[in-house]
Amino acid sequence: MINIVVLMAGEGRRFKDAGYGRIKPFIEIFGRMMVERVLDGVRIKDAKYILVIRESFFRDYSEELSHIKGKCNNVSFTSVRETTTGALSTALSAYDKITPFDPVVFIDSDNLFDNVEFNKFLDFSIKSDCDACVLTSDGSSENFSYIKLDAENRFVSEIVEKRAVSNMAIVGAYMFSSGILFQRCAINTIIYPPREKEYYMSCAYNTLIGMGGRVRNFQMDASKWKCLGTPEQLNGLML
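Read on for a plain summary of the structure.

Thresholds, definitions, all that
Residues numbered from 1 in each chain as written. Predicted model: local features only at pLDDT ≥ 70, side-chain atom pairs only at ≥ 80, totals over all residues. Heavy atoms only, no water. Helix = DSSP H or I, 4+ residues; strand = E, 2+ residues; numbered from the N terminus. Rg over C-alpha atoms; globule rule 2.2 N^0.38 Å. Buried < 20%, exposed > 50% of the residue type's maximum accessible area, 1.4 Å probe, protein only. Contact = heavy atoms within 4.5 Å. Areas by Shrake-Rupley, 256 points an atom, 1.4 Å probe, with all protein chains shown as cover. Lys, Arg positive; Asp, Glu negative; His and termini not counted. Charge placed at Lys NZ, Arg CZ, Asp CG, Glu CD. Pairing = 2+ DSSP bridges. Polar contact = N/O pair within 3.5 Å; in protein donor to acceptor, adjacent residues only side chain to side chain. Phe/Tyr/Trp six-rings, centres within 6.5 Å; stacked < 30°, edge-to-face > 60°. Lys NZ or Arg CZ within 6 Å of the ring centre and 35° of its normal. Salt bridge = Lys/Arg side-chain N within 4 Å of Asp/Glu carboxyl O.

**A short note on the overall build of the protein chain**
So, point 1. The helix and strand tally for the protein chain stands at nine helices and 13 strands.
So, point 2. Computed over the C-alpha atoms, the radius of gyration of the protein chain is 17 Å, within 12% of the 18 Å expected from 2.2 N^0.38 for a compact globule of 239 residues.
So, point 3. Taken across its 239 residues, the protein chain has 53% of its residues classed as buried.
So, point 4. Long-range pairs, those at least 24 residues apart, make up 75% of the contacts in the protein chain with a sequence separation of at least 6.
So, point 5. Total accessible area computed for the protein chain in this model is approximately 11500 Å², and 47% of it derives from carbon and sulfur atoms.
So, point 6. A gap of 2 Å separates the mean positions of the 29 positive and 30 negative side-chain charges of the protein chain.

**Looking at the pairing of strand S9 (residues 145-149)**
So, point 1. Note: S9 against strand S10 (residues 156-161), five bridges, orientation antiparallel. Directly across from Ile-147, in S10, lies its bridge partner Ile-159.
So, point 2. Once S9 ends, the chain turns through six residues before running back antiparallel as S10, passing Asn-153 with a positive phi of about 55 degrees.

**A short note on unusual backbone geometry**
So, point 1. A positive phi angle, close to 55 degrees, is found at Asn-153, a residue other than glycine.
So, point 2. By secondary structure assignment, the location of Asn-153 is in the loop between S9 and S10.
So, point 3. Owing to a relative accessible area of 59%, Asn-153 belongs among the exposed residues under this scheme.

**Focus on the side chain of Ser-93**
So, point 1. Summarising the element assignment, Ser-93 is placed in the loop between helix H5 (87-92) and strand S6 (104-108).
So, point 2. Here Thr-90 takes part through its backbone oxygen, which lies 2.5 Å from a polar atom of the side chain of Ser-93.
So, point 3. Once residues within four sequence positions are removed from consideration, Ser-93 is found in contact with Val-52, Thr-78 and Val-80.

**Some remarks on the packing of aromatic side chains**
So, point 1. One pass over the full model with this rule turns up 14 aromatic pairs.
So, point 2. When the centroid spacing of 5.2 Å and the interplanar angle of 70 degrees are considered together, the rings of Phe-15 and Tyr-20 count as edge-to-face.
So, point 3. For Phe-15, a relative accessible area of 1% corresponds to the buried category.
So, point 4. Note on Tyr-20: relative accessible area 25%, which makes it partly exposed.
So, point 5. Judged by centre distance (4.4 Å) and plane angle (45 degrees), the ring pair of Phe-106 and Phe-182 falls under tilted. A residue pair is termed long-range when its members are at least 10 positions apart, and Phe-106 in strand S6 and Phe-182 in helix H7 (residues 179-190) qualify at 76 residues. In this pair, the class of Phe-106 matches that of Phe-182, namely buried.
So, point 6. Grouped by ring-pair contacts, the aromatic residues Phe-106, Tyr-174, Phe-176, Phe-182 and Tyr-205 constitute a single cluster.
So, point 7. Above the ring of Phe-155, the side-chain terminus of Arg-216 is found at 5.6 Å from the ring centroid.

**Re helix H2 (residues 34-41)**
So, point 1. In terms of burial, H2 is largely enclosed, as six of its eight residues are buried.
So, point 2. By the burial criterion, the buried members of H2 are Met-34, Val-35, Glu-36, Val-38, Leu-39 and Gly-41.

**What about the pairing of strand S12 (residues 215-219)?**
So, point 1. With four of its five residues buried, S12 lies for the most part within the structure.
So, point 2. Note: strand S8 (residues 132-138) against S12, five bridges, orientation parallel. Paired with Val-134 across the two strands is Asn-217, which belongs to S12.

**Focus: the pattern of salt bridges**
So, point 1. Within this structure, the stated rule accounts for 12 salt bridges.
So, point 2. Among the salt bridges present, the one from Arg-32 reaches Glu-36, with a minimum N-O distance of 3.9 Å.
So, point 3. By relative accessible area, which is 28% here, Arg-32 ends up partly exposed.
So, point 4. You can call Glu-36 buried: its relative accessible area is 9%.
So, point 5. Across the pair Asp-123 and Lys-127 runs a salt bridge, and its minimum N-O distance is 3.2 Å. Of this pair, Asp-123 and Lys-127 both sit in helix H6 (residues 115-127), separated by four residues, roughly a single helical turn.
So, point 6. Residues joined by salt bridges that share partners form a network here, namely Arg-32, Glu-36 and Asp-40.

As structure tokens, this is what we get:
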């Protein structure tokens, strides 16, 4: 069993400011909600899907959540009351639903992946000699996190936020070899004040690397995924 955790508890402020009437995951793209298309891309056999939402979604988007529940096998919801201290904190809120000794993959709710390529990433992550793995692609925008590799170009030596220290950008998929390892890394990160303005997922990876953990990356071709994190990116897809 693999835990797939979709992080969709953000405020979606940029879309609100652009005049969208729905929170980002529920915006329709050619007749289907964005989150449905995200789930299409991360479809695998024997997966347990956990969607981390805002508590208010149970009230404001009850029909949409029921629709997702009816369409996606083995899906459950967990919620946060308000905006957290970052994606890592949001991810940790799902601790009691993640099976502790199975792999877990955290997914941003605004990236569309080619399903075949995503399954290749999972296969590589599980079969590689590593404790964790991130999905990367060619990038240069400082909207992303970037990895540095060690001298042998095998293991990740550091992840840097919002600064293109390489051409390998993390594209919103974060794998840990077990739920219990993720919890250990997250807790050992969050007990200290954040070095950045919030707790990014990358913070837990840097903690793991500092503990001697082995982190790999899987490079996905840029044509095999789409980021819809901003209204401009979504409008570009809809044209």
